[in-house]
Every structure is written in C-alpha cells, then in structure tokens.
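Descriptive analysis of the structure
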Amino acid sequence: MWKGRFQQETSGLVQRYGESISYDWRLYPHDIAGSMAQAEALARAKIINRKELAAIHKGLKSIKADIDAGTFEWKHELEDVHMNIESALTQRIGSAGAKLHTARSRNDQVALDTRLYCRAETQTIIGLVQNLQRALVAQGLKNQSVIMPGYTHLQRGQPVLYAHHLLAYVEMLERDGGRLTDALKRINVMPLGSGALAGSTICLDREFVAQRLGFETVTRNSMDAVGDRDYIAELLFTIALTGTHLSRLSEDIILWVTAEFGFVSLSDAHTTGSSLMPQKKNPDVAELTRGKTGRLYGNLTSILTTLKGLPLTYNRDMQEDKEPLFDSVDTIKLALEVFAEMIDGMKVNAERVRAAAGDPFLLATDLADWLVLKG
Ligand code: ARG
C-alpha cells in the first residue's frame, strides 16, 4: 500500500515481528460484514456505481466462502486480516476492489471489526452464563432436601440447604450476566467514518452504516473512536470476574470431592485418573479452571498496561489487544460450557453430608437465639 514512497522491502524479521494475520484472521466474518456495509455507503454517496457495488459484494462473498471452506491462502507479507481480504478482493474483481477503502483507514476498520467480534462473543457468553445458572438450579432442585454445614473461615458454621450454597453461585453469575449486558452498550457503537483519526472529507452516511450492521449509535469523536479500547478492557474485566466466580466454585468442589469431605462425586466423564495411583479420581476440570483464571487476570493486566502510556490516537501497540482478548473469550466460553456439564453430572453423597450437618454444635446459634426469645 505504501510501496510508492519506500525504496526498500520490509525486512523479513520486521514482517514476522509485525504480522497479526496468524491470529487476527478470525476476524474475517466481521471484516467482510463491515466492508459490505462500507461498499453500500460508498454507493449511496455515488463514489462507486451499482455495478461496482455488485462486484464488491460478489467478490467479498466468494472470499468468505473460501475462508469458510479453509481454501483461502493467508499471506503473512500482507500483515493482517484487513489487507489480506482487500488484496484478494482487488485480485478477484479488479479496480473496484481498491475503491472499497475510500474514506476508510485500517484504524477505524480494525476498531469496527473488534467491536463486532466483541458484540457477537459477549452475546454468546451471556447465553453460556445463563446455561450454567440453569445447571446449578437443576442440581439444587434434584437435591432439595439435602442439608449441609455452611462454612465461614472454612470452619463449620450453621446448617444450610445444599441448594442455598449452589444458588449463591447463581447470584454471582447473575451479576456477571448483568455486567456483560451493560458492557454491550459501550461495545455496540459504530466507529467507521473516523478514518485514520480525523474523519474524511468524503462524508458517508454513518447512521446508515450503523443500521446495516446492527449498531445502536455511532461514535462521536473520531480521535477517541480509533484510540478507544476501553470496551475490550471492560469485557476482559468482566470475564476475569466470571473466572473468579468459577474459580471459587472450583475450590468448593475440589474440597467436596476429597476423601476428607466426601460430600459429592463427579462423573467419570469429568474427572481423570492417575497414571500411578489407581484409587484416584481427580477433579481436573475444577483445578484447570482455578488455574486458567490466573491467565484471565493476566490478559486484563495486559490490555490495561498496553493502553496506559499511549498518546492519542491509534498506535501500533494496540495490535497487542487481540491475543489477550481472543484468549480470554475462548477460555471463559469453554470453562462455562464444561462447568454446566460437570455440574449436571455431580452426585451428592447424602449420607456424608447429613453426618456432617448432624454435628450438634451447628445449632449453637439457634439455641442462643431460642434463649433470647425465651427472655
Ligand atoms: N493490524 C492492525 C491492528 O490490529 C490494524 C491497524 C493497522 N493500522 C496502522 N496504521 N498500521 O491494530
């Protein structure tokens, strides 16, 4: 793109250092959807004609079909998903393909793609959170009469329903769902039209583009729009806190399945054996989740640290937003799914739980209350 003014090829090492195609290729459905809308806006502004619009749409669809089928060849020398798709389009349909980038920069394009990605994934995660809530409620319903010791300081405190303990996690997840829904408001804002940083002298109908892509509003300040990654930090925080909740549930389960507690057992499908000790049945899913939560925190710290020293507006540092984002999204989705399955297969050892809850000291508080009521 910038070859005109450069006399030297980019060094091979710089290409390897700067490419993002090896991980940002997965933005392609969003990049293509954004370009479809951009082309329509260009046609409305009479920058391209109907025939060119049709050619762009057809070309983008064929590229998407090839990527879906796994036959598209990604080129590392084309750096990122945006340039790969644009170059393939121009190759397939000729000069109309190159016109697509009119009034657009990769800076507002990557902001658009990332917002579309975050929106889709946030909606998926909200569904998975609800799914896990349902699994916890179902587990409580199956064991409605089970009473267990409730703990403070990991010391037996007072008797509680097993369902009450599980429903505490339903509350945490309810807040997670609420936070995700709230984050969507700030994710779902359309940045295209901001150009590199100062908009464009070629004015496209931004409201139209927003409506085509299902955005509720458009960004108001072009400099903020290309430099803003707050919505990623917010999503990563929300995911990190959901991880915290799953990690606490993990810790409860890890304790409950020990020989010492023996309160519940997990299904064979959700545990692993030991290569050395045949008696063991390990709660790996819970342990892995507790462990992976550390990575979710790392990803949040990573994005915050990337942003903290950046002057306005876009800086290449921002390319570093994607790997932590993708990693946190992938991790929490899988964790929520596997947890719902594991909770479904969890069996309570009624005998052990009853024995533990039968500890007469657990009623000491009730006895004290009774004495108060008796005056
Ligand atoms: N791959 C880049 C990123 O993820 C796209 C934007 C590049 N913009 C630029 N001016 N070099 O941030």
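Predicted, not measured: the structure shown is a model, and the values here were computed from it.

What the protein contains, in helices and strands, is 15 helices and six strands. Relative to the compact-globule value of 21 Å for 375 residues, the protein shows a C-alpha radius of gyration of 27 Å, a clear excess of over 25%. Expressed as lengths along the three principal axes of its C-alpha atoms, the size of the protein is roughly 85 × 55 × 40 Å. Burial analysis of the protein (375 residues in total) assigns 47% to the buried set. Relative to all contacts within the protein whose residues are 6 or more apart in sequence, the contacts with residues 24 or more apart total 79%.

With that out of the way, let us pick up the site of the ligand. Lining the immediate environment of the ligand, one finds S20, D80, H82, R106, N107, V110, Y314, Q319 and K322. Side-chain polar atom of S20 to a nitrogen atom of the ligand: 3.5 Å apart, as the coordinates give it. A distance of 2.5 Å separates an oxygen atom of the ligand from a polar atom in the side chain of K322. Protein chains bury 86% of the 340 Å² of accessible surface belonging to the ligand in isolation. Looking at which element gives the most residues to the shell around the ligand, the answer is helix 7 (residues 106-142), with three residues. Grouping the constituent residues of the shell around the ligand by class yields two nonpolar, four polar and three charged.

Turning our attention to the packing of helix 7 against helix 8 (residues 162-187). One can describe the packing of helix 7 onto helix 8 by two numbers: an axis separation of 9 Å at closest approach and a directional angle of 165°. Taken together, helix 7 and helix 8 sit at an angle that is classed as roughly antiparallel. Viewed along their axes, helix 7 and helix 8 form a crossing whose handedness is left-handed. For the contact of helix 7 with helix 8, the residue count by class is 17 nonpolar, seven polar and four charged.

With that out of the way, let us pick up the environment of S11. Summarising the element assignment, S11 is placed in the segment before helix 1 (12-18). As for S11 and Q279, which are separated by 268 residues in sequence, their C-alpha atoms are 57 Å apart. A polar side-chain atom of S11 sits 3.0 Å from the main-chain amide nitrogen of L13.

Time to look at the pairing of strand 2 (residues 155-161). Pairing between strand 1 (residues 147-152) and strand 2: six bridges, direction antiparallel. The partner of I147 across the bridge, within strand 2, is L161. Hairpin geometry of strand 1 and strand 2 is characterised by an intervening segment of two residues between the two adjacent antiparallel strands and by a positive phi of about 55° at H153.

Here the structure, examined in full by the defined rule, presents six aromatic pairs. On the basis of an interplanar angle of 65° and a centroid distance of 4.8 Å, the ring pair of F72 and W74 is categorised as edge-to-face. On the accessibility criterion, F72 (13% relative accessible area) is buried. By relative accessible area, which is 23% here, W74 ends up partly exposed. Here the aromatic rings of Y151 and F261 are separated by 5.9 Å at their centres, their planes lie at 50°, and the arrangement is tilted. Pair noted here: Y151 is in strand 1 and F261 is in the loop between helix 11 (230-256) and strand 5 (264-265), with a separation of 110 residues, a long-range link. Through a chain of ring-to-ring contacts, three or more aromatic side chains come together here, namely Y151, F261 and F263. Lying over the aromatic face of F326, R26 brings its terminal NZ or CZ to 4.5 Å of the ring centre.

Rules used throughout
- Residues numbered from 1 in each chain as written.
- Predicted model: local features only at pLDDT ≥ 70, side-chain atom pairs only at ≥ 80, totals over all residues.
- Heavy atoms only, no water.
- Helix = DSSP H or I, 4+ residues; strand = E, 2+ residues; numbered from the N terminus.
- Rg over C-alpha atoms; globule rule 2.2 N^0.38 Å.
- Buried < 20%, exposed > 50% of the residue type's maximum accessible area, 1.4 Å probe, protein only.
- Contact = heavy atoms within 4.5 Å.
- Near = heavy atom within 4 Å.
- Polar contact = N/O pair within 3.5 Å; in protein donor to acceptor, adjacent residues only side chain to side chain.
- Areas by Shrake-Rupley, 256 points an atom, 1.4 Å probe, with all protein chains shown as cover.
- Nonpolar A, V, L, I, M, F, W, Y, C, P; charged D, E, K, R; others polar.
- Axes fitted to C-alpha atoms, helices over the stretch in contact; angles between N-to-C directions.
- Parallel < 35°, antiparallel > 145°, perpendicular 65-115°, else oblique.
- Left-handed = near helix turned anticlockwise from the far one by under 90°.
- Pairing = 2+ DSSP bridges.
- Phe/Tyr/Trp six-rings, centres within 6.5 Å; stacked < 30°, edge-to-face > 60°.
- Lys NZ or Arg CZ within 6 Å of the ring centre and 35° of its normal.

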